[in-house]
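What follows is the residue order along each chain.
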Amino acid sequence: MTNTSASVEGKFPGWHAPVTGHVRGAEIRVTGLTHRYRHAKENALQDINLRIASGEAAAIIGRSGCGKSTLLHIIAGLVKPSVGEVTINGLVIRHPSPRWVMMFQQPSLFPWASVADNVALGLRFNGRQSEAKSRVAELLDLVELGSYASRNVQDLSGGQQQRVALARSLALSPEALLLDEPFSALDTFTRSTMQRDVRRIARELGITLVLVTHDINEAALMSDRAFIMAAHPGRIRNEVTVRSADTLTGAPGFEQAQRALIEAYEGAAGRSISSPSTDWTI
Amino acid sequence: MKAQPSPESHIVNSGSEDSAARLHSDADPHGRLFTLGLTLAGIAGLLLLWWIGGELIARNPATASFSDFAPLPALKRLAAMFASSEVIHMTGPSLLRIAAGLLWAIVIGVPAGILIGRSRIARELTNVPFQFLRMISPLAWMPVAVLAFATWDRAIIFLVGVAAVWPILFSTAAGVRRIDPAWLKVARNLGANPRQLLTSVIFPAISQDILTGIRLALGVAWIVLVPAEYLGVKSGLGYAINDARDTLEYDRLAATVLVIGMIGFTLDLALQKLIQRLSWLRHD
Ligand SMILES: Nc1ncnc2c1ncn2[C@@H]1O[C@H](COP(=O)(O)OP(=O)(O)OP(=O)(O)O)[C@@H](O)[C@H]1O
Ligand SMILES: [Mg+2]
């Protein structure tokens, strides 16, 4: 598991000391993807093509209903596309796999189980229960919930629950994390901590991130590159390089990325360009 | 009952509200004493009504021969029945029949309920037939049961099973329909196979619904049991009632009625406690 791949080191100079569970992040290709839901009158997605490099953090932004969640579900193998295909590391995706894990707006933890049992879920499903003890402790430390292992998840705050969901997603050392607005139910402070932590953890472990968001700031903070989608039918309108590495709100790089994203977003939405402000959310 | 499992509605909020409510009732011994007082008063009221009924029967020359039905003779007889272990002899066979009937109802009702909860086709196909069958008193099947089964015992177990299967089936199906689809999505994504979805998501999620169904089923099964035991058999509570009537021992009849009530009450309370213990929901 300590695969110190050259590409990750190249991308993040100064990157050393592999963290346990380091992987070679998934390379995701979407080719000629069109999707129509059953009984729907128009395509939810129309001819999507994109490539996300191993270890990259990609954001998908666009207004509500443009098909972001649909695209992510198809990449995860949870929805079968009508036309076209998704490959991860060259393999065509037909089923969900714990190697690319989705995280949702709601943590959806199992309320009948403890924090530790929730985190160990993937291990149990894959016949690796014996690793649970050490692995769960390690993961809970990673999300800073080390002392919560035996608590019932219903006793945790929303932010803590989302951290447990993150640990649960990381348990099987996935090559990609597919995030569907995972922080939008959290308060501002918890959200920004989580944004930074997920970005840090993904970078340390070499995991490819695909982040669906409504929040321009979140895209600017967390992604290297953003795809801007337009609706009716859902398609990719634009692509903006963000290169968020170590940007902070207020830093010049951040504002530049933010402005570029807003311009692209408004272009896709067919609106005139307005002056950006720091808390510009959709 | 169980609310739609949305994390905002119960996982996050209700924990604190609930513990606040618990703290409140723990810190209020007067409230508990008050509850105990009312409970005892209720029991006393029931005994009083029984006693008045007994007096009226005894004073009326037309019914005076039933006067042993009154509390005092009945309770005396009950004590004697406990002492001679007659109570055990008479309830043992009944409990076995209830257990067998319930077991059948669970074995059939839980899988059928899961199927109906999961599959729209199964739900729509069975809706009218099941609602129709459910409305037929199990006792109406008595003649059929007698014909269909080789022994009286089996016929009674069948009647108990017919009474018990519906609450279990419908409660299980309702529980399955309330499962948060996100739980299944998460489990599938983490590599769960269909069997693991069943054992790790569906069963834990609906365990309380199954138990609630069993509790309701026990209630109707217990009610159906006594008249079903008027049939053929020479053991059990229903037989004891019939026998006491035939031998004109009204104190024994009243004592048997007491035993039926006490056992039913105890079984229900035990299941209620079990449901509370196994419950993972933090509000209700
Ligand atoms: N299960 C479904 N069946 C039919 N149509 C669906 C289904 N799910 C989504 N759609 C439709 O597909 C389109 C894209 O939906 P999707 O959920 O992917 O949008 P989204 O970009 O994630 O929106 P939001 O930002 O509000 O989450 C919408 O028009 C929606 O109505
Ligand atoms: Mg969405």
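What you see is a predicted model, and the numbers here were worked out from it, not measured in a lab. (Residues numbered from 1 in each chain as written. Chains lettered and ligands numbered in written order. Predicted model: local features only at pLDDT ≥ 70, side-chain atom pairs only at ≥ 80, totals over all residues. Heavy atoms only, no water.)

> What exactly am I supposed to notice about the interface of chain B and chain A here?
Accessible area lost upon the coming together of the parts is a frequently used measure of interface size. The partner chain A presents 27 residues to the 24 residues of chain B that form the contact. Remark: the boundary between chain B and chain A carries 0 salt bridges. Between chain B and chain A we count 9 residue pairs in polar contact (both at pLDDT 80 or more) in total. With 7 residues, helix α9 (residues 181-189) of chain B is the largest single contributor of residues to the side of chain B that touches chain A. Along the lines of polarity and charge, the residues of the side of chain B that touches chain A split into 14 nonpolar, 5 polar and 5 charged. (Contact = heavy atoms within 4.5 Å. Salt bridge = Lys/Arg side-chain N within 4 Å of Asp/Glu carboxyl O. Polar contact = N/O pair within 3.5 Å; in protein donor to acceptor, adjacent residues only side chain to side chain. Helix = DSSP H or I, 4+ residues; strand = E, 2+ residues; numbered from the N terminus. Nonpolar A, V, L, I, M, F, W, Y, C, P; charged D, E, K, R; others polar.)

> Help me understand the side chain of A:Asn152, please; the structure alone is not making it clear to me.
With respect to the helices and strands, the residue A:Asn152 is situated in the loop between α5 (132-142) and α6 (158-170). On the basis of relative accessibility, which here comes to 16%, the residue A:Asn152 falls in the buried class. (Buried < 20%, exposed > 50% of the residue type's maximum accessible area, 1.4 Å probe, protein only.)

> What exactly am I supposed to notice about the domain arrangement of chain A here?
Residues and elements named next belong to chain A. Its domain assignment divides chain A into domain 1 (25-99 + 175-282) and domain 2 (108-173). Using C-alpha coordinates to define each centre, domain 1 is positioned 26 Å away from domain 2. Listed as interface residues are 14 residues of domain 1 and, on the opposing side, 12 residues of domain 2. Both sides together, the interface formed by domain 1 and domain 2 hides about 1,100 Å², and carbon and sulfur atoms give 70% of it. (Domains from an automatic or database assignment. Buried area = accessible area lost by both parts, 1.4 Å probe.)

> What is the right way to look at the site of ligand 1 in this model?
Residue and element names in this part refer to chain A. Near ligand 1 the following residues occur: Tyr 37, Ala 44, Ser 64, Gly 65, Cys 66, Gly 67, Lys 68, Ser 69, Thr 70, Glu 181 and His 214. The contact in question runs from an oxygen atom of ligand 1 to an N or O atom on the backbone of Gly 67, over 3.0 Å. Between ligand 1 and the protein, one listed contact pairs an oxygen atom with a side-chain N or O atom of Lys 68 at 2.7 Å. Isolated, ligand 1 exposes 630 Å² of accessible area, and the fraction of that covered by the protein chains is 58%. Looking at the shell around ligand 1 residue by residue, the class counts come to 3 nonpolar, 6 polar and 2 charged. (Near = heavy atom within 4 Å. Areas by Shrake-Rupley, 256 points an atom, 1.4 Å probe, with all protein chains shown as cover.)

> Hey, could you run me through the sheet that holds strand β8 (residues 208-213) of chain A in this one?
Sheet strands pair via backbone hydrogen bonds, and the direction of the pair is either parallel or antiparallel. Residue and element names in this part refer to chain A. Across the sheet, 6 strands lie side by side as β6-β7-β8-β3-β9-β10; this open sheet has mixed pairing. Strands at the two margins of the open sheet, each flanked by one partner only, are β6 (100-103) and β10 (235-241). For this sheet the average axis-to-axis angle between neighbouring strands, irrespective of direction, equals 20°. Across 4 bridges, β6 lies against strand β7 (residues 176-180) in parallel orientation. Bridge pairing in β7 places Val 101 opposite Leu 177. Together, β6 and β7 form the strand contacts of α6, whose direction differs from that of β6 by roughly 170°. (Pairing = 2+ DSSP bridges. Axes fitted to C-alpha atoms, helices over the stretch in contact; angles between N-to-C directions.)

> Help me understand the sheet that holds strand β2 (residues 45-52) of chain A, please; the structure alone is not making it clear to me.
Residue and element names in this part refer to chain A. Pairing in this open sheet of 4 strands is antiparallel, and the strands run β2-β1-β4-β5 from one edge to the other. Two strands bound the open sheet, and with one partner strand each, they are β2 and β5 (91-92). Pairing of strand β1 (residues 28-35) with β2 involves 5 bridges; the strand directions are antiparallel. Paired with Leu 33 across the strands is Ile 48, a residue of β2. Where helix α2 (residues 68-76) meets the sheet, it contacts β1, β2 and β4 (83-88), and its direction lies at approximately 120° from that of β1.

> How should I be thinking about α6(A) in this particular structure?
Residues that lie three or four places apart on an α-helix share one face, since the helix turns once every 3.6 residues. Compared with an ideal rise of 1.5 Å per residue, which puts 13 residues at 18 Å, α6(A) spans 19 Å between its outermost C-alpha atoms and is within 8% of the ideal. Counting buried residues in α6(A) gives 11 out of 13 residues, a clear majority hidden from the surface. (Expected span 1.5 Å × (residues − 1).)

> Explain the environment of A:Val164 here, please?
Residue and element names in this part refer to chain A. With respect to the helices and strands, the residue Val 164 is situated in helix α6. Spatially, the C-alpha atoms of Val 164 and Leu 140 are 7.5 Å apart, while their sequence positions differ by 24 residues. Aside from chain neighbours lying at most four places away, what touches Val 164 is Leu 109, Val 115, Asn 118, Val 119, Leu 145 and Leu 156.

> Sorry if this is basic, but what is going on with the packing of helix α5 (residues 86-118) of chain B against helix α6 (residues 120-134) of chain B here?
The description of two packed helices rests on the angle between their axes and on the distance between the axes. Residue and element names in this part refer to chain B. Running from N to C, α5 and α6 point in directions that differ by 120°, and their axes come no closer than 6 Å. Here α5 lies oblique to α6, going by the angle between them. The residues of α6 that touch α5, namely those facing Leu 115, Ile 116, Gly 117 and Arg 118, are Arg 120, Ala 122, Arg 123, Thr 126 and Phe 130. (Parallel < 35°, antiparallel > 145°, perpendicular 65-115°, else oblique.)

> Can you walk me through the confidence of the model for chain A in this structure?
All names here are of chain A. Overall, the prediction assigns chain A a mean pLDDT of 82, with 85% of residues at 70 or greater. Averaged pLDDT values for the elements of chain A fall to 37 in helix α1 (residues 6-11) and rise to 95 in helix α3 (residues 115-119). Here residues 1-19 scores under 50 on pLDDT; set against residues more than four positions off or in separate chains, the count is 27 contacts. (pLDDT = per-residue confidence, 0-100.)

> I keep staring at the pattern of salt bridges and nothing clicks. Help me out?
Opposite charge on two side chains permits them to pair, given that their charged atoms come into close proximity. Following the criterion strictly, the structure yields 23 salt bridges over all chains and no others. For the salt bridge of A:Arg29 with A:Glu27, the shortest nitrogen-to-oxygen distance reads 3.6 Å. What makes A:Arg29 partly exposed here is its relative accessible area of 40%. In this structure, A:Arg135 and A:Glu138 form a salt bridge, with 3.1 Å as the shortest nitrogen-oxygen distance. Placement of both A:Arg135 and A:Glu138 in helix α5 is noted, with a separation of 3 residues, approximately one turn of the helix. Ionic contacts of the salt-bridge type, sharing partners, join the residues B:Arg77, B:Glu86, B:Asp243, B:Glu249, B:Asp251 and B:Arg252 into one network.

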